[in-house]
Amino acid sequence: MVNSGGQLFTIEGIAAALIMLATVFIIVNTTSVYTPGDTHINDMQLEVIGTDALKALNYPDNGTFGKSPLVILVENQDGSGFYTAFNNSLNNRTGENRDNIQFMANITYMNRTGMINSTPLNASRALYGGEHAVRVSQWIIVDSYNGAALPPYNIFPECLSAPSCAGKHAALVEVLLWRD
């Protein structure tokens, strides 16, 4: 037969186990320990900021139909205009301090012979080996011109002598982003 002393030890053991389980549950749910494997969270945030900045540039002004500011900047090879528009969108914050995201932008396209070409658009500064960069991109449709209709810049120079080359072409604006 079991006496009252044995029952008391059993109840005390169960109560102690419940207290330990509750303590472990509270500690695990309230602390976050970041390990070097969690650094991808910063990369994802940087990628979202860059993608949003490129998408905002790729919408036509005032919601109208027509060319977006990004397409106009690429067709006219306006690197300084791209720098101003993209940098303002990228590093804008509420408050007095601006963010310190750096970038390097290129335009990639396929020429008439099927070769892939890449042309630099602009950069905030050169990318060195120490920075960890993420890549964001946006497809655009640009017009190539021939003859007298040539704008100051044409990313399809072979279209100058080939009238069949003029028209709309796809190009990819690629931007590398990193923080100082």
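Residues numbered from 1 in each chain as written. Predicted model: local features only at pLDDT ≥ 70, side-chain atom pairs only at ≥ 80, totals over all residues. Heavy atoms only, no water.

**Comments concerning the pattern of salt bridges**
Part 1 of the reasoning: Under the counting rule described, the total for this entry stands at three salt bridges.
Part 2 of the reasoning: One salt bridge in this structure joins glutamate 75 and lysine 67, with 2.7 Å as the shortest N-O distance.
Part 3 of the reasoning: Exposure remark for glutamate 75: the relative accessible area of 7% places this residue in the buried category.
Part 4 of the reasoning: In this structure lysine 67 comes out as partly exposed when scored by relative accessible area, which is 36%.
Part 5 of the reasoning: Between aspartate 99 and arginine 179 there is a salt bridge, and its shortest N-O distance comes to 2.7 Å. Here aspartate 99, found in the loop between α4 (79-90) and β1 (101-110), pairs with arginine 179, found in strand β4 (residues 167-179); they are 80 residues apart in sequence, far enough to count as distant.
Part 6 of the reasoning: On the accessibility criterion, aspartate 99 (13% relative accessible area) is buried. (Salt bridge = Lys/Arg side-chain N within 4 Å of Asp/Glu carboxyl O. Buried < 20%, exposed > 50% of the residue type's maximum accessible area, 1.4 Å probe, protein only. Helix = DSSP H or I, 4+ residues; strand = E, 2+ residues; numbered from the N terminus.)

**Overview of the packing of aromatic side chains**
Part 1 of the reasoning: Throughout the structure, instances matching the rule amount to four aromatic pairs.
Part 2 of the reasoning: Between phenylalanine 86 and phenylalanine 103, the aromatic rings sit 4.9 Å apart at their centres with planes inclined by 80 degrees, giving edge-to-face as the arrangement. In this pair, phenylalanine 86 is assigned in helix α4 and phenylalanine 103 in strand β1, connecting sequence segments 17 residues apart. Phenylalanine 103 matches phenylalanine 86 in its accessibility class, with the two residues each being buried.
Part 3 of the reasoning: Three or more aromatic residues joined by ring pairs make a cluster, and in this case those are Phe82, Tyr83, Phe86 and Phe103. (Phe/Tyr/Trp six-rings, centres within 6.5 Å; stacked < 30°, edge-to-face > 60°.)

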